[in-house]
Amino acid sequence: MSAVAAARANPLLKSLPPFLTWPHLRFRTICSGRLGFAPSDPDHPVAGTKLLDSFKEEFEIGTSLITLETGKIARFANGAVVLGTGETKVLSTVAASKGDALRDFLPLTVDYQEKQFAQSLIPTTFMRREGAPKERELLCGRLIDRPIRPLFPHGFYHEVQVMASVLSSDGRHDPDVMAANATSAALMLSDIPWGGPIGMIRIGRIDGHFIVNPTMDELSLSDLNLVYACTKEKTLMIDVQAREITEKDLEAGLRMAHPEAVKYLEPQIRLAAKAGKQKKEYQLSMLSQKTLEKVGTLAEANIKAVFTDPSYGKFERGEALENIMQDVKQQLELEGDEESIKILPKAIDTVRKQVVRKRIITEGYRLDGRHLDEVRPIYCEAGHLPILHGSALFNRGDTQVLCTVTLGAPQDAQRLDAIVGPSTKRFMLHYSFPPFCINEVGKRTGLNRREVGHGTLAEKALLAVLPPEDEFKYTVRINSEVMASDGSTSMATVCGGSMALMDAGIPLREHVAGVSVGLVSEVDSTGEITDYRILTDILGLEDHLGDMDFKIAGTRSGITAIQLDIKPAGIPLDIVCESLEAARKGRLQILEHMEREISTPRSKDDRNAPRLASLRYSNDALRRLIGPLGAIRKKIEEETGARLSVSDETLTIVAKNQNVMDKVLEKVDSIIGREITVGGIYKGVVTSIKEYGAFVEFGGGQYGLLHISELSHEPVTRISDLLSIGQQISVMCIEQDVRGNIKLSLKRMSPRSASLEVDAITPEVKVSDFIVSKETSANAQSLSSSDSTQLDAKSVADLLSQAVSTLKDSSTSPDFRIRSVAECDEEEERFKSTSNKLWPSKLKQSQDTCSSSSTFNVVPDVKDETKAKGPISAKNLKLGTTVTAKVHQVRALGLVLDLGGGVRGMYRFKYEVVFTMFVVIVKQDHGKTDYAVGDELRVTCTSFSSKGIPVMSLENDD
């Protein structure tokens, strides 16, 4: 049947002898120039074996073995190469459209894709398949696009598509650089005209030593991530993320990267020689020299006049150029030159480019009249939107960017699905370029490659100065809104973002600023540069008409991020290194303006500032907080608006402001309690009241004892007068033993009053308080001579110290103290024993002979006296209340008084301290000594003892 089908397909086969047919020779097909054997029995056809030719090149760079292979897969693509390093393999394919190129630009599309099958995983999306390109995929696509685009020939406007796919990944090597080299090899194999090959290399640095093609583990330890692409002699693309590397060290890294990247070129050339296609003759859209000369004659003078007038702004200049083009178009229409009218916009742009470049090279002046190294005027404003966590407005010339900062919980970090690198990202910078910033109308769609690229560049620049994650646990998002664009909006985003971070109170090490450096050059017929000028802080039009856009960001200490894009087919590395110094000078000028506006992180003490708290709990307690399926935690988040993040024995809370934080802590405390530390202040509820104190519950089954002595600086008669069951109070933890018992204090949260401070310290003895007379001295001398015990200076000092100690003990409570009968007996016995120890017997007998004295009476000054209304009780007896009391008992140290209503008080006799030349004597001044039981006295309440007993004084006492 196969022979019949072949005969129908080709009638010439009918005239061939049977022994010359393919079935008779037992051959079935031709594949890549090699024949596959057919089965021996034609009546029972069986599929033959198809043999695929493949070509491979192997070489080493650094410590890695790299393979280039083609011919086995993707055989229909115009060019297809699989590049492998270790177990990581990347396929890159290229294809070009066949039709005519009716456009004036190169429609090059680069698609890079990382599917989860490359690491043996199933996507976690609902559909279980990959969706729209992720940010990393867009960035890798840009990394491939930037070095290959300048090498397509001028006038080649056919559509070209590059597709790079990761086939497998071992997680040790980043596939992005591999995909770029595979794309270069695929273009070399294809019939598409291209000026390659190129080589791309990654350089890291650990402890000052450069590493070629570092692994992901090495890259995490490196302070430099340099991606460098070049041809054999010139630089094509640079992408850098660093931790403040100096210009000198970066230049050393670039000069090391170039020869390493060149090692990729020769294997690609050998592979193309083996399996490459012959380059196809594509039609190029080139401007005719005749048309270019005609348009130049009509428009060059007017264009030059526009560009030499610095008073023109961006839109005024654009409007003037549009009017010039319309005038030229009318002239060509009068001449009937339809061919020139079709390419008029391209011709006008070419003439404009020639005029601008010539003026910069010959005169050294730019479009707006600036010098080559001059930075545009700058305006900075930190805290532009005060209600936000952080904000800043940055203007450089006509370029304006508004940056805002939002702080979030650790769980707000972005989750990444990349096959290499970290799984989360806590710092995000989102760059937005709306159409109104250039006065255009446009539609906002999804992720834009340009916006993602510019935002990532600014993110890399600022990441180097952020505090470590263990010191600053917030998730940080910067949103950059371009309000007006006239060049270098990404570098303006770096400046505005740095100020907004400081306005948010984030402890940055120092400011980061960025500036874009341009290049204008003249080349000879061979394409070699004969003269050039480096421009600092380029305009948008200078970017369009120039050769280079070299974005460099950093601090005063060094560079943090770089992105180099060029238009010609390479720039010498010497010019690139020379541009670093120009960028440094411009960066320092911008940093001066930023530091004048805000130089240190702003202190966010207002209650609208975000709050973050990290609390330690046991895992069992955290499980109670989360609840079944996270129900309790979700409920707290919905009710308060805060974010709760739980990790191993740690609860992290991020609240919008202090009020929200207080609500969350209250709810958490009610569920699992709180870690109580000595010195901390906590809110609790009084659950029970005892005679000796009150028990306070903090939530989660935690209780503490508030003793009666820690309630107030004032004496407390009954706890129920100050506290009630169910009352919410704030208390301080003053002690916690090993068994977890918590002791609390209420009085230590408030300062002690001035009158109580006097009671709590020893009376200060001044020189003026000692009244020493000759009579006193003589009495003291006779007293010491008649005493068998001689008092030397040391003995006097000891006696003075003991007397002052006695005063200190008595000064902790008032001189007049009301006690029970048993307490009075105790006090009397203690006083007798103390006096026997302090004073010699003969000295005690001579107390009355001392006349010169200084008396210290610690008597509360009660000015606000009130008379008791109604019968006396413990509740209505207050300080300053004056009542008529009866003497209930007469004791050695004072009187026990009956105040009425069963209330007992005490009047304590006065004492005076007598100071002489050598002796200190405590002398009792009884005053009236004929008190009898039943006598009535007018007394005033001056204080309460520690046990709540009223302390009284006579109404006529001073």
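An unreviewed UniProt entry lists the chain under the name Polyribonucleotide nucleotidyltransferase 2, mitochondrial, with Linum tenue given as the organism. Heading Sequence similarities (unreviewed entry) of the UniProt record for the chain holds this comment: "Belongs to the polyribonucleotide nucleotidyltransferase family." Turning to the chain, the UniProt record has this under Subcellular location (unreviewed entry): "Mitochondrion".

Can you tell me about the overall build of the chain, naming the residues and giving the values?
A count of helical and extended segments in the chain gives 22 helices and 39 strands. The buried share of the chain, taken over its 958 residues, is 46%. Considering only intrachain contacts with a sequence separation of at least 6, the fraction spanning at least 24 residues in the chain is 68%. Total accessible area on the chain is roughly 48,700 Å²; 52% of this is exposed by carbon and sulfur atoms.

How would you sum up the pattern of salt bridges? Please name residues and give values.
Pairing of side chains with opposite charge becomes possible as their charged atoms draw close. Evaluated as defined, the whole model comprises 43 salt bridges. The salt bridge partner of D531 is R533, with a shortest N-O separation of 2.8 Å. Between R748 and E710 there is a salt bridge; the shortest N-O distance is 3.5 Å. Of this pair, R748 sits in the loop between strand 31 (742-745) and helix 18 (754-760) while E710 sits in the loop between strand 29 (702-707) and strand 30 (728-736), placing them 38 residues apart in sequence. Several salt bridges share partner residues, and in doing so they unite D368, R370, R376, R396 and D537 into one network.

A description of the side chain of T215 should follow, citing residues and the corresponding values.
Looking at the secondary structure, you find T215 in the loop between strand 10 (209-212) and helix 4 (216-221). Residue classification places T215 among the buried residues on the basis of a relative accessible area of 13%. Not counting residues up to four positions away in its chain, the partners in contact with T215 are R172 and H173.

Requested: an account of the sheet that holds strand 25 (residues 643-647), with residues and values cited.
Within a sheet, neighbouring strands are paired by backbone hydrogen bonds and run either parallel or antiparallel to one another. If you trace the 3 strands from one edge of the open sheet to the other, you get 24-26-25, paired in antiparallel fashion. With one partner strand each, in any of the chains shown, strand 24 (611-616) and strand 25 form the two edges of the open sheet. Strand after strand, the sheet turns through a mean of 15° between neighbouring axes, direction not considered. This element, helix 17 (residues 658-672), spans strand 24, strand 25 and strand 26 (650-655) of the sheet and lies at about 145° to strand 26.

How would you summarise the confidence of the model for the chain if you had to cite specific residues and measurements?
On average, residues of the chain score 80 in pLDDT, and 78% of them reach the 70 mark or higher. This stretch, residues 806-819, has a pLDDT under 50; its non-local contacts, to residues over four places away or in other chains, come to 44 contacts.

So what's going on with the packing of helix 3 (residues 175-189) against helix 6 (residues 265-275)? Which residues, and what values?
How two helices sit against one another is set out by the angle between their axes and by the gap between those axes. Close contact between helix 3 and helix 6 brings their axes to 9 Å; oriented N to C, the two are set at 35°. The interaxial crossing formed by helix 3 with helix 6 has right-handed handedness. Taking contact as the criterion, the partners of N181, S184, A185, M188 and L189 in helix 3 are, on helix 6, Q268, L271, A272 and A275. Its residues placed into classes, the contact of helix 3 with helix 6 shows 6 nonpolar, 3 polar and no charged.

So what's going on with the packing of aromatic side chains? Residues and values would help.
If you walk through the whole model with that rule in mind, you get 4 aromatic pairs. Ring plane angle 90° and centroid distance 5.3 Å describe the contact between F156 and Y282, whose orientation is recorded as edge-to-face. Separated by 126 residues along the polypeptide, F156 in the loop between helix 2 (135-148) and strand 8 (160-168) and Y282 in the loop between helix 6 and helix 7 (289-307) bring together distant segments of the chain. Using a relative accessible area of 1% as the deciding quantity, one classes F156 as buried. Pairwise contacts between aromatic rings join F152, F156 and Y282 into one cluster. Positioned above the aromatic ring of Y282 is the side chain of K280, whose terminal nitrogen or guanidinium carbon lies 5.2 Å from the ring centre. Here R450 stacks its cationic end above the ring of F433, 4.3 Å away from the centre of that ring.

Describe in detail helix 6, supporting the description with residues and values.
Those residues of helix 6 not exposed but buried are L265, P267, Q268, L271 and A272. All buried residues of helix 6 lie within an arc of 165° about the axis, which places them on one face of the element.

Give me the lowdown on helix 2, citing residues and values where you can.
Here helix 2 spans 21 Å end to end across 14 residues, near enough to the 20 Å set by a 1.5 Å rise per residue. Those residues of helix 2 lying buried are E137, L138, C140, G141, R142, L143, I144, D145, R146, P147 and I148.

Talk me through the environment of V668; I want residue IDs and the actual numbers.
Within the secondary structure layout, V668 lies in helix 17. Here V668 falls in the buried class, since its relative accessible area comes to 0%. Separated by 43 residues in the primary sequence, V668 and L625 place their C-alpha atoms 7.2 Å from one another. If we ignore the near neighbours within four places in the chain, the residues touching V668 are Y617, L625, L651, I653 and G673.

Break down the sheet that holds strand 5 (residues 79-85) for me, citing the residues and quoting the values.
The strand order across the open sheet built from 6 strands is 3-4-5-6-8-7, with neighbouring strands paired in mixed fashion. The sheet is open, and its two borders are formed by strand 3 (55-61) and strand 7 (108-113), each paired with just one other strand. Within the sheet, the average angular offset between the axes of one strand and its neighbour, ignoring direction, is 15°. One ladder, built from 7 bridges, connects strand 3 with strand 4 (residues 64-70); its direction is antiparallel. Along strand 4, the bridge assignment pairs E60 with L65.

Please give an account of the packing of helix 8 (residues 314-335) against helix 10 (residues 344-363) that cites residues and values.
Here helix 8 crosses helix 10 at 125°, and the two axes come no closer than 11 Å. Here helix 10 runs oblique to helix 8, going by the angle between their axes. Both helix 8 and helix 10 take part in a crossing whose hand is right-handed. Where helix 8 abuts helix 10, its residues L321, M325, V328, K329 and L332 lie against L344, P345, I348 and R352. In terms of residue class, the contact of helix 8 with helix 10 is made up of 7 nonpolar, no polar and 2 charged.

Pulling in residues and values, what's your account of unusual backbone geometry?
Here G196 and P197 are connected by a cis peptide whose omega angle stands at 10°. Within the fold, P197 resides in the loop between helix 3 and strand 9 (199-206). Even without being a glycine, S488 presents a positive backbone phi close to 60°. Of note, S488 is situated in the loop between strand 19 (475-484) and helix 12 (489-503). A relative accessible area of 10% places S488 in the buried class.

Could you give me a rundown of the environment of S97, with the residues and numbers involved?
Checked against the element boundaries, S97 lands in the loop between strand 6 (88-96) and strand 7. Contact partners of S97, with chain neighbours within four places excluded, come to H158, E159 and Y282.

A description of the environment of P751 should follow, citing residues and the corresponding values.
For P751, the position within the fold is in the loop between strand 31 and helix 18. Overall, the relative accessible area of 76% leaves P751 in the exposed class. Taking the C-alpha atoms as reference points, P751 and H713, 38 residues apart in sequence, are found 8.9 Å from one another.

Before we move on, can you summarise the side chain of S169 with the specific residues and values?
Its place among the elements puts S169 in the loop between strand 8 and helix 3. A residue is classified by how much of its surface remains accessible, and S169, at 15% relative accessible area, is buried. A distance of 3.2 Å separates a polar side-chain atom of S169 from the backbone nitrogen of G171.

Parameters at a glance
Residues numbered from 1 in each chain as written. Predicted model: local features only at pLDDT ≥ 70, side-chain atom pairs only at ≥ 80, totals over all residues. Heavy atoms only, no water. UniProt positions renumbered as here; feature names shortened; annotations may be inferred. Helix = DSSP H or I, 4+ residues; strand = E, 2+ residues; numbered from the N terminus. Buried < 20%, exposed > 50% of the residue type's maximum accessible area, 1.4 Å probe, protein only. Contact = heavy atoms within 4.5 Å. Areas by Shrake-Rupley, 256 points an atom, 1.4 Å probe, with all protein chains shown as cover. Salt bridge = Lys/Arg side-chain N within 4 Å of Asp/Glu carboxyl O. Pairing = 2+ DSSP bridges. Axes fitted to C-alpha atoms, helices over the stretch in contact; angles between N-to-C directions. pLDDT = per-residue confidence, 0-100. Left-handed = near helix turned anticlockwise from the far one by under 90°. Nonpolar A, V, L, I, M, F, W, Y, C, P; charged D, E, K, R; others polar. Phe/Tyr/Trp six-rings, centres within 6.5 Å; stacked < 30°, edge-to-face > 60°. Lys NZ or Arg CZ within 6 Å of the ring centre and 35° of its normal. Arc of directions from axis to C-beta. Expected span 1.5 Å × (residues − 1). Parallel < 35°, antiparallel > 145°, perpendicular 65-115°, else oblique. Polar contact = N/O pair within 3.5 Å; in protein donor to acceptor, adjacent residues only side chain to side chain.

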